[in-house]
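Results of the structural survey
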Amino acid sequence: MADHVGSLFLPGDLIQNLKESEATKKILLGPGLRQENDLILTSKPGILRFREPNVYWIDSPQKRYVPVKGDAVLGIVTQKMGDVFRVDVGASESATLPYIAFEGATKRNRPDVKVGDIVFARFSVANKDMEAELVCIDKHGRSNGMGVIRDGGFLHHCSINQVRKILNPENVLLKTLGKNMKFETAVGMNGRVWVKGRNINETIAIINALAVSEFMTNEQTLSMCKKLADSLAGF
Amino acid sequence: MEVDRTSHELRPMTCELGHLSRSDGSATLTQGDTTVITSMYGPGDVRISKEIIDKATVEVTYRPKIGLPKCSDKLKERLIRNTCETVILSGLHPRTGIDIILQEMQNSGSFLSCCINSACLALLDASIPLKYLIAAVTCCISDKGEITLDPDLKQEKKSVAILTFVFDSKDFNVVTVSTSGSFSNEQFQSCLMACREASKHVITFYRESMLKKLSKSV
C-alpha cells in the first residue's frame, strides 16, 4: 500500500503510485479525486483513504450535504404538490418524494403525510443535473424502517462527519447508550439524527451525548456514557 | 505590531477556520495587522434569475468596516469573484450558488491579497471542489525603485506603484494581476519574481492551517 495514505492533500495536489487491482488493472476514484488526462489530482482538502483492493477517496469534513444515490436521509416535508411531496434535506434544492413511493400506497390509497412531517427516506435519483428523488420503499416494495416518523422524538442537526462516525461499526456510542436506556433512532446521512427515548429526560440526555461525542475517542465515549448513566440514575 | 523584517518577507500570518457556526465555511485571516473575515455558503440554492444551467453561480459580497460598499468596493468584489471562479470546479454543482461574503475588520495595507487569501481559506474550510489553490501577494515600488513585499499602509502611501499578483498552487502561474501607479517593464518582472517566490510561503501556510484543523476532527 502506498505510504501517502492517511496524509493531508490539498486541491491541485498530484497523487502518484496508486495501487491498482491485479485482475483489472484499474483504480477506483472516490469523492475528492479527479482525473485530468493521465494525472490524478485532488479536488477537495482532506485525508487520503484507501480500501482493498483498489479504492481511493478523500475524507474531507464538509458541512453542506450533497445528495448521493442510495443515501438514507432525514427530511422535512415542506409542500404537497399534486402527486409529489417536496422534502427539505439540507441540500442545495429540495428533493421530491412521490406519494406512490410508500409501502402499500396505490393511486386510491394515499399515504398520510402532512407538511412538517419528518420522513426517513432513501435517494433513488441523485444526479447533479437533475432534481433529487426520494423513496420510502426498498426494491421489494417494503418500507424497511423508512417512512414518516411520528410520535414525537427530537431531530438533532450535526455535522456530516459526526454521522459517518456514529454509523462506523467500530464506534461504540450508540451501543453503549443502548445498554443503559431504551431508545429509537434514525440517522440520516445529511447530518440529521432523530432520537426518541422513553421520556423527554432520556431523549435530551442522548442528544447531549451525541452533541459532545464528535471529537471523542472510543475510550472517552465510554467514560462519558458511564457518567451520563450515573447522573440519570440519580447519583 | 511592527516586526523587523526584510523587504522580501511577508508579514506574519494567522488564521482561524470554521469558527462561524451557521455558515458552511468560514475563515479569519490576519496578515500583519490586516484582518478579513470570510463566510461562505454553498453549494446552496440560488435565485432563478442568476441560475446557470451547467455550472455553479459564484457570488462575492464585500462589506467595508463602516458605511455602504462604494464603487471601488464593487470593483474589488468583481476581481475576487473572477479569481475564485477560475479555481472552483463549478461544473460539479450545476444550478447551485456559491456565496462568499468578505467582511473588512482592519485594513493595514496589502488588503486585496488578504481578501483573496481569506476567501481561499474559506473555500478550503467548506470543502468546495477546487482545481488548485490560489495565493495572493501584494508588493509596492518606492520612489527610489525599491520593492517591498506585503507592504503596510505607511509603505503603500510612500510608494509610486502597488501591484497584486495571484498565483496558482500547481505551477505558480499568474491567475490575476491588479496594479495601480506607474512602473517600468523591468520593475514589473522583478515584482512578479519576488511575489511568486513569496506565494510559496502562503501555500505552505494553507497546508499548516488545514493540518491543524483536521488534527482536531480526525
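Residues numbered from 1 in each chain as written. Chains lettered and ligands numbered in written order. Predicted model: local features only at pLDDT ≥ 70, side-chain atom pairs only at ≥ 80, totals over all residues. Heavy atoms only, no water.

- As recorded in an unreviewed UniProt entry, chain B goes by Exosome complex component RRP46 and comes from Patella caerulea.
- Here chain B is described in UniProt, under the heading Sequence similarities (unreviewed entry), as follows: "Belongs to the RNase PH family." (UniProt positions renumbered as here; feature names shortened; annotations may be inferred.)

- By the naming in an unreviewed UniProt entry, chain A is Exosome complex component RRP40, taken from Patella caerulea.

Quick look at the overall build of chain A
- Looking only at helices and strands, chain A has four helices and 15 strands in total.
- Taken along its principal axes, the extent of the C-alpha atoms in chain A is 55 × 55 × 30 Å.
- By the burial criterion, 45% of the 235 residues in chain A qualify as buried.
- Here the contacts in chain A between residues at least 6 apart in sequence split such that 61% fall between residues at least 24 apart.
- Here chain A displays about 12900 Å² of accessible surface, and carbon together with sulfur accounts for 51% of that area.
- Side chains of chain A carry 31 positive and 26 negative charges; the gap between the two charge centres is 5 Å. (Helix = DSSP H or I, 4+ residues; strand = E, 2+ residues; numbered from the N terminus. Buried < 20%, exposed > 50% of the residue type's maximum accessible area, 1.4 Å probe, protein only. Contact = heavy atoms within 4.5 Å. Areas by Shrake-Rupley, 256 points an atom, 1.4 Å probe, with all protein chains shown as cover. Lys, Arg positive; Asp, Glu negative; His and termini not counted. Charge placed at Lys NZ, Arg CZ, Asp CG, Glu CD.)

A word on the overall build of chain B
- Regarding its fold elements, chain B presents four helices and nine strands.
- Radius of gyration (C-alpha) of chain B: 17 Å, near the 17 Å computed for a compact globule of 218 residues.
- In chain B, buried positions account for 52% of the 218 residues.
- Here the contacts in chain B between residues at least 6 apart in sequence split such that 66% fall between residues at least 24 apart.
- Counting only carbon and sulfur atoms, one obtains 53% of the accessible surface of chain B, whose full area is about 10100 Å².
- If the 26 positive side-chain charges of chain B are averaged to one point and the 26 negative ones to another, these points end up 3 Å apart. (Rg over C-alpha atoms; globule rule 2.2 N^0.38 Å.)

Topic: the interface of chain A and chain B
- In this assembly, 26 residues from chain A lie in contact with 36 residues from chain B.
- A buried area of about 2600 Å², summed over both sides, lies between chain A and chain B, and 57% of it is on carbon and sulfur atoms.
- In this assembly, chain A and chain B are joined by four salt bridges.
- The shortest N-O distance in the salt bridge between Glu36 of chain A and Lys170 of chain B comes to 3.7 Å. (Buried area = accessible area lost by both parts, 1.4 Å probe. Salt bridge = Lys/Arg side-chain N within 4 Å of Asp/Glu carboxyl O.)

Overview of the pattern of salt bridges
- Per the counting criterion, the structure on display carries 19 salt bridges over all chains.
- Note that Arg150 of chain A and Asp112 of chain A form a salt bridge whose closest N and O atoms lie 3.7 Å from each other. A residue pair is termed long-range when its members are at least 10 positions apart, and Arg150 of chain A in the loop between β12 (147-149) and β13 (154-157) and Asp112 of chain A in the loop between β9 (95-98) and β10 (118-125) qualify at 38 residues.
- Two residues, Lys50 of chain B and Glu59 of chain B, come together in a salt bridge whose shortest N-O distance is 3.1 Å.

Some points on the nonpolar core
- Counting 62 residues, the largest nonpolar core has Ile88, Ile100, Leu102 and Tyr206 of chain B as its most contacted members.
- With sequence-adjacent residues up to four places away left out, Ile100 of chain B is seen in contact with Thr38, Ser39, Met40, Val58, Glu59, Val60, Thr61, Cys84, Ala119 and Leu123 of chain B.
- Counting 48 residues, the second-largest nonpolar core is a separate cluster that includes Leu97, Leu155, Val195 and Cys225 of chain A. (Core = buried A, V, L, I, M, F, W, Y, C linked by side-chain atoms within 4.5 Å.)

Let's talk about the sheet that holds strand β3 (residues 34-44) of chain B
Residues and elements named next belong to chain B.
- With mixed pairing, the five strands of this open sheet are ordered in space as β1-β2-β3-β5-β4. Looking along the sheet, the strands with just one partner apiece sit at the ends: β1 (13-17) and β4 (57-63). On average, each strand axis in the sheet is tilted by 15° relative to the strand beside it, whichever way the strands run.
- As judged from the seven bridges shared by strand β2 (residues 25-31) and β3, these two strands associate in the antiparallel manner. Within the sheet, the bridge partner assigned to Gln31 lies in β3 and is Thr34.
- The strands touched by helix α1 (residues 71-87) within the sheet are β4 and β5 (97-106), with β4 carrying the most contacts at an inclination of about 145°.
- Packing against the sheet, helix α2 (residues 111-125) makes contact with β1, β2, β3, β4 and β5, and its axis sits at approximately 145° to β2. (Pairing = 2+ DSSP bridges. Axes fitted to C-alpha atoms, helices over the stretch in contact; angles between N-to-C directions.)

Looking at the UniProt feature "domain: Exoribonuclease phosphorolytic" (unreviewed entry) in chain B
- Residues given the UniProt feature "domain: Exoribonuclease phosphorolytic" (unreviewed entry) here are residues 9-129 and 133-193 of chain B.
- Its end C-alpha atoms 19 Å apart, residues 133-193 of chain B is made of 25% helix and 49% strand.

What about unusual backbone geometry?
- The omega torsion across Glu52 of chain A and Pro53 of chain A is 0°, close enough to zero to call that bond cis.
- Position of Pro53 of chain A relative to the elements: it lies in the loop between β5 (46-51) and β6 (55-59).
- Backbone torsion omega between Gly42 of chain B and Pro43 of chain B reads -5°, so that peptide bond is classified as cis.
- Unusually for a residue other than glycine, Asn17 of chain A sits at a positive phi of about 55°.
- Position of Asn17 of chain A relative to the elements: it lies in the loop between β1 (8-9) and β2 (28-29).
- According to the relative accessible area criterion, Asn17 of chain A is exposed, its value standing at 67%.
- With a phi close to 55°, Phe172 of chain B is a non-glycine residue in the positive phi region.
- The exposure class of Phe172 of chain B is buried, given its relative accessible area of 14%.

A few points about the packing of α1 of chain B against α2 of chain B
All names here are of chain B.
- At a minimum axis distance of 11 Å, the contact between α1 and α2 shows a crossing angle of 40°. In terms of their interaxial angle, α1 and α2 are classed as oblique. As α1 runs across α2, the sense of the crossing is right-handed. Listed contacts from α2 to Lys76, Leu79, Ile80, Thr83 and Cys84 of α1 are Phe111, Leu112, Cys115, Ile116, Ala119 and Leu123.
- Along the lines of polarity and charge, the residues of the contact of α1 with α2 split into nine nonpolar, one polar and one charged. (Parallel < 35°, antiparallel > 145°, perpendicular 65-115°, else oblique. Left-handed = near helix turned anticlockwise from the far one by under 90°. Nonpolar A, V, L, I, M, F, W, Y, C, P; charged D, E, K, R; others polar.)

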